[in-house]
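Breakdown of the fold
Single-letter residue listing:
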Amino acid sequence: MGLSERQQDLLRRIPGVDLLLERAKRERGFDGVPRSVLVRSVREVVETLRASILGGDGGSEHSLMEAVLLDAVSDRVDREMAFNLKRVVNATGVVIHTNLGRSLLPQAAVDNVVALSGRYSNLEFDLDAGRRGSRYSAIEDILCEVSGAEAGMAVNNNAGAVLLTLETLARGRKVIVSRGELVEIGGAFRIPDVMARSGGILVEVGTTNRTHLRDYEAAIDAETALLLKVHKSNYSVVGFTAEAPLADLTALGKKHGLRVMEDLGSGMFIDFSRYGLTREPTVQDSVAAGADVVTFSGDKLLGGPQAGLIVGKKDVLDEIKKNPITRALRIDKMTLAALESTLRLYRDPERAVATIPTLKALTMAYEELRQRAERLADGLASLPGDRLTVDCLDLSSRVGGGSLPLQELPSRCVGVRMSGLSANAVESAMRANCPPVIGRIEEDRFIMDPRTLQEDEFAMIRDAFQRIAEALEKE
Ligand SMILES: *Cc1c(COP(=O)(O)O)cnc(C)c1O
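Computed from a predicted structure; not experimentally measured.

The next thing to look at is the overall build of the protein chain. If you tally the helices and strands in the protein chain, you get 19 helices and 18 strands. Along the first, second and third principal axes, the C-alpha set of the protein chain runs to 95 × 55 × 50 Å. Residue burial in the protein chain is summarised as follows: out of 475 residues, 47% are buried. Here the analysis covers contacts within the protein chain between residues at least 6 apart in sequence; of these, 75% occur between residues at least 24 apart. Carbon together with sulfur atoms contributes 50% to the accessible area of the protein chain, which is approximately 23,300 Å² in total. Charge separation in the protein chain, taken as the distance between the mean sites of 61 positive and 68 negative side-chain charges, equals 4 Å.

Now for the sheet that holds strand β2 (residues 94-96). Strand order in the open sheet made by the five strands is β2-β14-β15-β18-β17, with mixed pairing throughout. Here the strands that pair on one side only, and so sit at the sheet edges, are β2 and β17 (440-442). Neighbouring strand axes in the sheet, compared pairwise and without regard to direction, differ in orientation by 40° on average. Contacting β14 (388-400), β15 (409-418) and β18 (445-448), helix α17 (residues 366-381) crosses the sheet at an angle of about 10° to β15.

Lining the immediate surroundings of the ligand are Arg102, Asn157, Asn158, Ala159, Ile185, Phe189, His231, Ser233, Asp263, Gly265, Ser297 and Lys300. For the ligand, an oxygen atom lies 3.1 Å from a polar atom in the backbone of Asn158. Ala159 is positioned with one of its backbone polar atoms (N or O) 2.8 Å from an oxygen atom of the ligand. In the complex, 95% of the free accessible area of the ligand, which totals 380 Å², lies under the protein chains.

Turning our eyes to something else, we now look at the pattern of salt bridges. Taken as a whole, this structure holds 44 salt bridges when the rule is applied. A salt bridge links Arg23 to Glu27; its shortest N-O distance comes to 3.3 Å. Of this pair, Arg23 and Glu27 both sit in helix α2 (residues 17-28), four residues apart, which is roughly one turn of the helix. Take Arg23: its relative accessible area is 21%, and that puts it in the partly exposed class.

Here the focus is the packing of α2 against helix α4 (residues 66-81). Their axes nearest at 10 Å, the elements α2 and α4 cross at an angle of 80°. In terms of orientation, α2 lies roughly perpendicular with respect to α4. The segment α2 lies against α4, with Leu20, Arg23, Ala24, Glu27 and Arg28 engaging Glu66, Ala67, Leu69, Leu70, Asp71, Val73 and Ser74. For the contact of α2 with α4, the class distribution of residues is six nonpolar, one polar and five charged.

Attention shifts here to the environment of Phe446. Tracing the sequence through the fold places Phe446 in strand β18. Classification of Phe446 by relative accessible area gives buried; the value is 0%. Between the alpha carbons of Phe446 and Val416 there is a distance of 5.1 Å; along the sequence they are 30 residues apart.

Okay, the environment of Ser137 next. Mapped onto the fold, Ser137 is located in helix α6 (residues 137-147). With a relative accessible area of 45%, Ser137 lands in the partly exposed category. Side-chain polar atoms of Ser137 contact the backbone oxygen of Ser134, separated by 2.7 Å.

For an α-helix, 3.6 residues make a turn, and residues three or four places apart therefore share a direction. Residues Val316, Leu317 and Ile320 constitute the buried set of helix α12 (residues 314-322). When α12 is viewed along its axis, its buried side chains cluster within an angular range of 95° and face the same direction. Looking at the buried positions of α12, the neighbouring elements they touch are β5 (151-155), α7 (158-170), β11 (259-265), β12 (293-297), β13 (308-312) and α13 (325-328).

Right, let's get into unusual backbone geometry. Cis geometry is adopted by the peptide bond preceding Pro435, which originates at Cys434 and carries an omega value of 0°. Within the secondary structure, Pro435 is located in the loop between α18 (423-431) and β16 (437-438). Here Arg102, not a glycine, exhibits a phi torsion of approximately 55°, which is positive. Locating Arg102 in the fold gives a position in the loop between β2 and α5 (107-117).

So, about the pairing of β5. Of all five residues in β5, five are buried; the element is thus mostly enclosed. Where burial is concerned, the two faces of β5 agree: the one with Ala151, Met153 and Val155 and the one with Gly152 and Ala154 are both buried. As judged from the five bridges shared by β5 and β13, these two strands associate in the antiparallel manner. Within the sheet, the bridge partner assigned to Gly152 lies in β13 and is Val311.

Under the domain assignment, the protein chain is made up of domain 1 (5-81), domain 2 (89-97 + 363-474) and domain 3 (107-348). Computed over C-alpha atoms, the centres of domain 1 and domain 3 are 56 Å apart.

Here we take up the packing of aromatic side chains. Remark: the centre distance and the inter-plane angle together describe each pair of aromatic rings, the angle taken between the planes. Counted by the stated rule, this structure contains three aromatic pairs. Aromatic side chains Phe269 and Tyr346 sit 5.2 Å apart centroid to centroid with 65° between the ring planes, which places their arrangement in the edge-to-face category. Pair noted here: Phe269 is in the loop between β11 and α11 (283-288) and Tyr346 is in the loop between α14 (333-345) and α15 (349-355), with a separation of 77 residues, a long-range link. A centroid spacing of 6.4 Å and a plane angle of 65° characterise the contact between Phe446 and Phe465, whose relative ring orientation is edge-to-face. Of this pair, Phe446 sits in strand β18 while Phe465 sits in helix α19 (residues 457-474), and the two are 19 residues apart along the sequence. On the basis of relative accessibility, which here comes to 0%, the residue Phe465 falls in the buried class. Residue placement shows Arg210 over the ring face of Phe240; its charged tip is 3.7 Å from the ring centre. Over the aromatic face of Phe458 sits the side chain of Arg375, whose NZ or CZ is 4.2 Å from the ring centroid.

Conventions used here
Residues numbered from 1 in each chain as written. Predicted model: local features only at pLDDT ≥ 70, side-chain atom pairs only at ≥ 80, totals over all residues. Heavy atoms only, no water. Helix = DSSP H or I, 4+ residues; strand = E, 2+ residues; numbered from the N terminus. Buried < 20%, exposed > 50% of the residue type's maximum accessible area, 1.4 Å probe, protein only. Contact = heavy atoms within 4.5 Å. Areas by Shrake-Rupley, 256 points an atom, 1.4 Å probe, with all protein chains shown as cover. Lys, Arg positive; Asp, Glu negative; His and termini not counted. Charge placed at Lys NZ, Arg CZ, Asp CG, Glu CD. Pairing = 2+ DSSP bridges. Axes fitted to C-alpha atoms, helices over the stretch in contact; angles between N-to-C directions. Near = heavy atom within 4 Å. Polar contact = N/O pair within 3.5 Å; in protein donor to acceptor, adjacent residues only side chain to side chain. Salt bridge = Lys/Arg side-chain N within 4 Å of Asp/Glu carboxyl O. Parallel < 35°, antiparallel > 145°, perpendicular 65-115°, else oblique. Nonpolar A, V, L, I, M, F, W, Y, C, P; charged D, E, K, R; others polar. Arc of directions from axis to C-beta. Domains from an automatic or database assignment. Phe/Tyr/Trp six-rings, centres within 6.5 Å; stacked < 30°, edge-to-face > 60°. Lys NZ or Arg CZ within 6 Å of the ring centre and 35° of its normal.

So, in structure tokens, the structure goes:
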């Protein structure tokens, strides 16, 4: 095979898997590590070593040292034992960051999930009657109380809520929608495609920028089942525009005996204009305008768990609850526990804004952001060494989650430059940290926005920079 004598010698000296396994257990413990994981890790280390001796670099004396081999085993074990789904620090300033898990649950919701998920509950058991109950009764009363609707339920997510509602009310029949509202949101959710899958027949009316009530009326015929309004949650049409208000559509529906549905996307119960933000229609507005059914997300502006909420008239909700597809979209007990406690916080809007992390972050005052930025910057500036240049800058946060696309959220951010590393290299080193710190690059700096940071994360960021700086010194 043409191996050199040196290679043959190194190959002979590779410890056997069993021997290395025994040394690994004796020297490093690995308590709590399943044997299968440890054996696989040892085997991989031995195979990698063999390949490196046979390959281009020919291996080295150093790579055969026991401590080096055991370190390699430890690395592999650590990697295998770490969860794939793990906590990250969101320093992006994007509050409802779909890639980072959207809304953080309020503490009351976390506590309720913990209390209920490790125990039995009355999930589908009527405690008064002593027999089978409905999974949806846990949240229906509170959902009706805060929205003003007659009936309500929750499914897996809003995409599911829209699909289920269309399938129930319009399968094989026509649904009239404005051309200006045929939206696509992230993750390939497009109204025309969802409509097709639901079996509803899409009838587009109006134009991209202007749709009038008379356009809907002209399209109504004997096969029409539903008038659908989709909230423009992630974009805006400006300039010469017109749309039919929901109240006009519900009046038209009543006149022709047709139901009216609104997909609100990011449903909310609080009028944000009281906090200096853009006024968005609330769920209560849609219910009061007479919509027969309204769908919205649980984890966008509502700030709760992933869920699709459906509220509206009792007869409509009764039909939806009977649809067998409901079972395929059913919501888990952990979600229900989180949802019930989140919804209850809305009984007191002030308390909701103070305790629901999404709302708290969105309404955070500039002065608080300034103080938080300063605290973060001071912590970084006090690190030993002189690699870091730390500045506070006036930049913007974003709402995210396809909500309030035009909302300006002025923020005070911290920008870091690190001598010896490009901004891109800082970004990837922070992303490789444990826990990963996700920021953004702007003005040639690594930018962190304190709006989305939690209290314990200021110290984590400082530690991350300290580790990166120490690694650079060692090079
Ligand atoms: C976000 C959104 C959806 C989908 O909601 P998910 O909870 O992400 O499934 C549907 N319609 C509109 C208008 C949205 O903004």
